[in-house]
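Here are the chains, one letter per residue:
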Amino acid sequence: MKEFTVILYAGGNNRLSTDLSIPKALLPIGNRPLIWFSLQIIQSHPSLASSPLLILTSGQYRQILDDYLSTLNITYELIVYRQHHESTSDDQQQIQDELGTLDILRSCYSRIRTESICLISCDLFGKVNLTSLINMFRVRDASLSMLLIKTIIPSTTGKETIIQPGQKIKFTTEPEFYTVDQSTNRVTSIRLKADLDEYLPLRQNILAKYPRTIIRTDLVDAHLYLIKKSCLDIAIRSDYSSFRKEFLPKMIRQMAIDQPLEDLISTPANRTTMIRQQTTDLDDNADLSRLLEEYDCDNQEIRGGCYYSTDETQIFRVKHVLSYLEANRQASLLILSYTNEDITFKERLEQIQISSDCVIGDGHDIGKKTTIRRTIIGKNCRIEDKCKIINCVLLDNVHVKEGVTLQNSIICSRSTIGSKCEIQNSIICSNQQIEGNSKLNGETISAINHESEVYMVYDDEQ
Amino acid sequence: MVKPTNINSDYREEERLTCVLVLDTFNNYTNEIVSHTSLPLCLWPVDGRPLLDYTIHTLIRSGIQEIILLATSYSYEIRSYIMNSHWLQTYPKLIRFIPCKEARSLGDCLKDLEQENIINNHFILLYGNGTLITNEKLNNLFNIHKENIKKDKNCIMTLVYRQLDSNHFEHPSYTDDQHLCIIRDANTYRLYDYSTEYLDRYEISLDLLEKPNVTIETLYCPLDCHVAVCSPDVLHLFKDNFDYSTINEFVKGIVRDEEIAGHTIYSYLYETGYFLSVHNLRLYMKATFDILRRWSYPLVPEIIASMHKQQLSTITNPTLPQIKLNDSYLSFYNICYPIIYDKHNIYKQGDIQLDRLSNIQQDVFIGYKSQILSGVCLRSSLIGQSCIIGKNTKIENSIIWNHVQIGENCIIKNSIICDNVVIRNNVQIDKECILCKNVIIGTNVHLNQHMTIIASNSITSTNVVDEIEIDEDISAPLKNVKRSNSKQRSSSTMSSEKSVSEKSISLSIEETITSNSDLVGIDGFGRQLSFISTHDDQTKPIEHTDDDDDDINDNDKSQLNAFDAWGYRIEPIENRDLSHDDEDNEIKPKQYRLSNLKKPSDQPSDIQSEDENSEIDDSEDPSSETGSINETNDVSEFQQEVIRTLERAYRQKLHMENIIVELNMLKPTYDVSPTEFDRSIVRAVFLLPFEKKISNSETTNYWNSLKLTMDQITQFILKNYMKITNEQSQISLLNGLDSICLKHIQPIGERIVNILNYLYENDVIDEQWILQWYENKQKKIENNELIIKPEEKIYYDKLKQFVEWLQNAESEDDDQDDED
């Protein structure tokens, strides 16, 4: 029996481009879809790599995701989570946002056969060594281990300050307060700022148990959890729909004050189903003694505590424009370190200046006297003469006409930029035609004008 | 500020490392017990030497160059000990002694020190009892403090703590009075918040958490070393702010006023090393046993004894004749006997008589010339000098001072037995008893735990000392400077002492000798020491009333008495009763005490009887309705408490949140049900102006004073508890108001229109509930369930008037709506 089941959550919509056919998981970074990077993280640790992999996705993206994944040399199982509400595609986004992780997990719960579960969301980008986290999970017999990452203030390249492209939207990430015991790496409480008024309360009974704790505000959740199935059992049977925002803080609190986790199950009806579940699982599995142990009612494993591990390496979640740009900048190095494959553009073309930190996809057609620096360009892009492209991300099939200057912008697929445009700090959504001689600075051009207020804020709901 | 200097410049030659010891716990319980032992706590014996010696050894090891002793009520004893000890001979310039006989708090002591004007540099302050035992070298703290100042020039104090393990509540070094919650920066160790209160939850302001470069660390109940490294400014601050009487208040004040005054406080946490600040009896015992078990090495008895011997031998002092003390209790310290250290931590001091059949197990100290007879079993105990332990007696975890006689077949556990106590045969003493000087315990007596037995005719030595101080005040500072005169001086002290002792004898004759033979046996002598609040059924001891006659002192007491001499938290109810004693007249508290003893009945009483009860409280005539008191005492007591709280809130203009927290805290204390709680709140709000003479002379009528209180505080209280959307609480609010009005038609009932109108205007009550409630009431009246007495008619008329107005107003509103 394997130790872990890896559940990769690949739901969520891509709001960068209004082209709904691309799910967020397939959003290209350095011309590789985002999910590729998550898969690399999983593959980097042997005990996760050899575990059964469940990929959760919604029905509409199933096919496209399957098409991509089948090209990779991995074994996986695609699970389509139930769409609770059938409605028009416009509304769907919102409803999916409301669908919490626990709701989604409930639909695939019967597929989990292992003692522990590794839960990853597919927007994790970067290189992380999971050994310490997994070892901690094993050694301390933890109920839950989570990866916390330092809040990254977007690095400034040289003396340029990073300007967020597109319409000015404040990305005020809700601060979270992690109270941790640094000597044991134990998390004793998680508080979301949204739940608090003016004060952060410290409970006396938790203080008494963990007298010396540090309240970290500089950490964010990487959405990578290792969790015991016995804990998830409770979560599945509780009424909560969100794992991270609702269930997790409560679970940690219960563990910190030594209260049984069963209290989180809301109704007695659900408690009885828990026993029934035991028997059905028994039928599925021959390994009877193990299951009995696992389901021993006053479960010691549940009280294994909750631990965290921080990673100093650059790892972050791709969840808004800035992090998307940052991810693109780092993509080539990261891919190099994973696969020893240098994807930066090496060809030397006459009369074209392309710096060595660029990535340019296949089928390119680059005109003369063009300068390209710190830019990622997707497949089949056509760039005409005398263009200047600095610090941009161009997705597939973009057509940039003559004499265009692009700076610090994102151009989504199948867009056309008219000649002699000057575009700075902007986002052009897919299938857009920008007329010649336009000057854009800090704008977002999309099919439906000013349709969505928040761009690239993926559903943070985990 | 920081000059480029070499490393050693931190210790400039003229900069002496100074340590200030405040030798008083300022705990009345402890001091009361101490007064019956004739030795201040800092001179209590610990393994052959007084406690203070261990501290001075610690400080000398740390390289402290100047020790300043601040002594309060026991300055005479402490000085005569210091004068006669070898310290002054070996380190003539080390110790300076400042008597602060008037000091009632740490703040007073430091104000006195400030006036002496001798502190120009950073100094270590040992508060608590000034008796710290540690094997760490404290001189490092100066560097830490200076580092803090380098980083932050506003730093004026560095507090020192020792980390405990997570099960610190069970840690023997932890006593309730050290309860502490610290919020500090994890990197700079700057203190941001500090609370000694015992709360269910503590709060950190989010602003603090979101400050850049601040990582908050919480420290809950670290071991408080009672050590603070202070800048000289601290003394000025204590002088300028009279309300800082303890370090707690000081720290709170500094942290709170940080933005105004700009001072900051840092903390330092030791993670290793032995630390114990002895400031209550439990820690005194722990210190004794820890030293026996050699945790404090190198501060262990035989090493200290040998050091003393060396020092004494090196001094050839024909010029300094040994002062003869008539105080036998101090003189024994000056004779130094060699201590033999045996395996299992058994220490034998000089010449002892140990029977072959005795069983000395481990961690035992046996003092000079003590006799241990056959069959005696000793374990973890200190036996002083010239004691006799009778046959087959068993002593565990106990401290026995000098000249104690213990009979046969006794069992003594976890107790302190002071000088000259006689314990006859077959006595059993349970844990945490203390037998003060000259007590005799009769045959076959069994003492339960937590008893303090005093010999009743021994007068409190505090009185004596105070008188001595008056005699000697002028000579005191001179003594420190000119020691050559010491002989002459001491003769004067002797004479004065003699005169005082004569006084004391005369006093003791006057005092009636009361020995509680039920407690100590027919052949025993002594009675239980009782405090005002610890034992309900006993009256105040006379000494107390004599001592405490001014208000300031009373205030001090109510603060300090939160913990007893053993460091246990005293139950808040008793504490509150104590404050009643101080504030109110004598009759009410007695009623409460009575009611404390009786169990409250389970069922909540109806309003009517409660009313009567409160009326009885007012009229102070409990004879007629004793039954109802029994039933409702808890509730009515609670209500009185609520009224008092609100009154205080009104008078002191307290903050609304604090009041609500306070009220919520009262709920579990008095064990009232939620409905009773609500009812009491309502009643308290409306009875407050009625019972307490809130109003000044101009606004004597009920309505005006009610309005005053309502405006300021009580309407918010009502809003908090009786949510306008909650039908049940609204109706119960109205019912409560109704019953009060019916009870007090004259001042309250006739004002119903004003009251309801006020509540309605201020959104305390919604009109729909008023109408609904009135409707129900009308129905009851129609069905003759409710009979209107003639005198109540005015109330109902007024009520009707208001309701009609309300209905009209409502319909007008509706009309307006329609028009719109």
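Thresholds, definitions, all that
Residues numbered from 1 in each chain as written. Chains lettered and ligands numbered in written order. Predicted model: local features only at pLDDT ≥ 70, side-chain atom pairs only at ≥ 80, totals over all residues. Heavy atoms only, no water. Helix = DSSP H or I, 4+ residues; strand = E, 2+ residues; numbered from the N terminus. Buried < 20%, exposed > 50% of the residue type's maximum accessible area, 1.4 Å probe, protein only. Areas by Shrake-Rupley, 256 points an atom, 1.4 Å probe, with all protein chains shown as cover. Contact = heavy atoms within 4.5 Å. Pairing = 2+ DSSP bridges. Axes fitted to C-alpha atoms, helices over the stretch in contact; angles between N-to-C directions. Parallel < 35°, antiparallel > 145°, perpendicular 65-115°, else oblique. Left-handed = near helix turned anticlockwise from the far one by under 90°. Nonpolar A, V, L, I, M, F, W, Y, C, P; charged D, E, K, R; others polar. Salt bridge = Lys/Arg side-chain N within 4 Å of Asp/Glu carboxyl O. Arc of directions from axis to C-beta. pLDDT = per-residue confidence, 0-100. Core = buried A, V, L, I, M, F, W, Y, C linked by side-chain atoms within 4.5 Å. Domains from an automatic or database assignment. Buried area = accessible area lost by both parts, 1.4 Å probe. Polar contact = N/O pair within 3.5 Å; in protein donor to acceptor, adjacent residues only side chain to side chain. Phe/Tyr/Trp six-rings, centres within 6.5 Å; stacked < 30°, edge-to-face > 60°. Lys NZ or Arg CZ within 6 Å of the ring centre and 35° of its normal. Disulfide = S-S within 2.5 Å.

Looking only at helices and strands, chain B has 30 helices and 36 strands in total. Counting over 820 residues, chain B shows a buried share of 54%. When the accessible surface of chain B is totalled, it reaches about 36400 Å², and 47% of it is carbon and sulfur.

Bringing the overall build of chain A into the picture now. Counting its regular elements, chain A contains 12 helices and 32 strands. In chain A, of all internal contacts separated by at least 6 residues, the share reaching a separation of at least 24 is 59%. A total of about 19600 Å² of accessible surface is found on chain A, and carbon and sulfur atoms cover 47% of it.

Here we come to unusual backbone geometry. With omega at 10°, the peptide bond leading from Tyr297(B) into Pro298(B) counts as cis. Within the secondary structure, Pro298(B) sits in the loop between α11 (281-292) and α12 (301-314). Positive phi is not limited to glycine here, since Asn425(A) has a value of about 45°. Note that Asn425(A) resides in the loop between β28 (422-424) and β29 (427-428). For His450(B), which is not glycine, the phi dihedral falls at a positive 65°. Checked against the element boundaries, His450(B) lands in the loop between β34 (446-447) and β35 (452-454).

All names here are of chain B. Taken together, the 6 strands give an open sheet; going across it, the order is β18-β21-β24-β27-β30-β33, and neighbouring strands pair in parallel fashion. Strands with a single pairing partner mark the edges of an open sheet, and in this sheet they are β18 (353-354) and β33 (440-441). Note: β18 against strand β21 (residues 371-372), 2 bridges, orientation parallel. Note on β21: the bridge partner recorded for Leu 354 is Ile 372.

All names here are of chain B. Judged by pairing direction, the sheet is mixed, and its 9 strands sit side by side in the order β16-β17-β20-β23-β26-β29-β32-β35-β36 without closing on themselves. Each of the sheet's edge strands pairs with one partner strand only, and the pair in question is β16 (339-342) and β36 (527-528). Relative to β35, strand β32 (residues 434-435) runs parallel, the two being bridged by 2 bridges. Pairing of Leu 435 across the sheet is with Ile 453, part of β35.

Residues and elements named next belong to chain B. Running from N to C, helix α27 (residues 727-743) and helix α29 (residues 767-782) cross one another at 60°; their axes reach a closest spacing of 10 Å. By the angle class used here, α27 and α29 are oblique. Here α27 and α29 pass one another in a crossing that is right-handed. Residues Glu 727, Gln 730, Ile 731, Leu 734, Asn 735 and Asp 738 of α27 lie in contact with α29, whose contacting residues are Trp 769, Ile 770, Gln 772, Trp 773 and Lys 777. Of the residues contributing to the contact of α27 with α29, the split by class is 5 nonpolar, 3 polar and 3 charged.

It is worth spelling out the pairing of strand β13 (residues 219-228) of chain A at this point. Residues and elements named next belong to chain A. Counted residue by residue, β13 has 9 buried out of 10 residues, so it is predominantly covered. Inspection of the sheet shows strand β6 (residues 116-121) paired to β13 by 5 bridges, in the antiparallel sense. Its bridge partner being in β13, Ser 116 is matched across the sheet by Lys 228. Relative to β13, strand β8 (residues 144-150) is paired through 6 bridges, and the arrangement is antiparallel. Bridge pairing in β13 places Leu 148 opposite Asp 221.

Bringing the pattern of salt bridges into the picture now. As enumerated under the stated definition, the model contains 21 salt bridges over all chains in all. Across the salt bridge formed by Lys228(A) and Asp141(A), the nearest N and O atoms sit 2.7 Å from each other. Here the residue Lys228(A) occupies a position in strand β13, and Asp141(A) occupies one in the loop between α6 (131-139) and β8, the gap between them amounting to 87 residues. For Arg294(B), the salt bridge identified is with Glu302(B), shortest N-O distance 2.7 Å. Take Arg294(B): its relative accessible area is 18%, and that puts it in the buried class. Residue Glu302(B) is classed as buried on the basis of its relative accessible area, which comes to 17%. A single network of salt bridges, built from pairs that share partners, joins Arg212(A), Arg184(B), Glu217(B) and Glu271(B).

Our focus in this paragraph is α6(A). Among the residues of α6(A), those classed as buried are Leu133(A), Ile134(A), Met136(A) and Phe137(A). Angular distribution of buried residues about the axis of α6(A) spans 160°; they occupy a single face of the element.

Moving on, we come to the confidence of the model for chain B. All names here are of chain B. Overall, the predicted model of chain B reaches an average pLDDT of 73, with 73% of residues at or above 70. Here helix α21 (residues 587-597) stands out as the least confident element of chain B, with mean pLDDT 35; strand β25 (residues 394-396) is the most confident, with 93. Scored below 50 in pLDDT, residues 1-13 makes 6 contacts in the model with residues more than four places away or belonging to other chains. In this model residues 573-631 is a low-confidence stretch, pLDDT under 50, and it forms 83 contacts with partners more than four residues away in sequence or in other chains. Two numbers describe this predicted complex: its pTM, 0.67, and its ipTM, 0.76.

We now examine the nonpolar core. Formed by 97 residues in total, the largest nonpolar core has its most connected members in Trp44(B), Leu69(B), Ile78(B), Ile124(B), Tyr284(B) and Ile416(B). The dominant element in this core, judged by the number of residues it contributes, is α11(B), at 8 residues. No fewer than three residues from each of domain 1 (18-166 + 224-241 + 263-293) and domain 2 (337-454) of chain B sit in this core. Residue contacts for Ile416(B): discarding those within four places in its chain leaves Trp44(B), Leu281(B), Tyr284(B), Met285(B), Ile399(B), Trp401(B), Cys433(B), Ile434(B), Leu435(B) and Trp566(B). The next biggest cluster of nonpolar side chains, apart from the first, holds 59 residues, and it includes Val6(A), Ile42(A), Val359(A) and Ile376(A).

Our focus in this paragraph is the interface of chain B and chain A. Contacts between the two partners involve 28 residues from chain B, matched on the other side by 22 residues from chain A. Taken over both partners, the interface formed by chain B and chain A buries close to 2200 Å², and the fraction arising from carbon and sulfur atoms is 57%. Residues Glu271(B) and Arg212(A) are paired through a salt bridge, measuring 2.7 Å at the closest nitrogen-oxygen approach. Seen at the junction of chain B and chain A, the total is 11 residue pairs in polar contact (both at pLDDT 80 or more). At the level of secondary structure, the elements contributing two or more residues to the side of chain B that touches chain A comprise β9 (181-185), β11 (201-205), α7 (206-210) and β12 (216-220) of chain B. Considered class by class, the residues forming the side of chain B that touches chain A number 14 nonpolar, 6 polar and 8 charged. Bridging between strand β11 (residues 199-203) of chain A and β11(B) involves 5 bridges; their strand directions are antiparallel.

Attention now moves to the packing of α27(B) against helix α28 (residues 752-761) of chain B. All names here are of chain B. In contact at an axis separation of 12 Å, α27 and α28 are set at 160° when each is read in the N-to-C sense. Relative to α28, the element α27 lies roughly antiparallel. Like other packed secondary-structure pairs, α27 and α28 cross with a definite hand, here right-handed. Of the residues in α28, those touching α27 at Leu 734, Leu 737 and Cys 741 are Ile 752, Ile 755, Leu 756 and Leu 759. Taken together, the residues of the contact of α27 with α28 sort by class into 7 nonpolar, no polar and no charged.

Let's shift gears to the side chain of Asp419(B). Assignment of secondary structure puts Asp419(B) in the loop between β29 (416-417) and β30 (422-423). From its side chain, Asp419(B) meets the backbone nitrogen of Asn402(B) in a polar contact 2.9 Å long.

Extensive coverage of helix α8 (residues 229-237) of chain A is indicated by the burial of 9 of its 9 residues. Here α8(A) has its buried residues at Lys229(A), Ser230(A), Cys231(A), Leu232(A), Asp233(A), Ile234(A), Ala235(A), Ile236(A) and Arg237(A).

Here we come to the packing of aromatic side chains. All told, the structure shown has 18 aromatic pairs over all chains when counted by the stated rule. Geometrically, the ring pair formed by Trp44(B) and Trp401(B) is edge-to-face, given 4.8 Å between the ring centres and 75° between the ring planes. In this pair, Trp44(B) sits in the loop between α1 (28-35) and β2 (45-46) while Trp401(B) sits in the loop between β26 (399-400) and β27 (405-406), placing the two residues 357 residues apart along the sequence. Since its relative accessible area comes to 0%, Trp44(B) is described here as buried. Chaining the aromatic ring pairs together yields one cluster made of Trp36(A), Phe37(A), Phe125(A) and Tyr338(A). Note that Lys127(A) overlies the ring of Tyr338(A), its terminal NZ or CZ placed 4.9 Å from the centroid.

A few words on the state of the cysteines. Residues and elements named next belong to chain A. The tally for this structure, following the rule as stated, stands at 0 disulfides over all chains. Not part of a disulfide, Cys 387 finds its nearest cysteine sulfur in Cys 421, a span of 9.8 Å. Classification of Cys 387 as buried rests on a relative accessible area of 1%.

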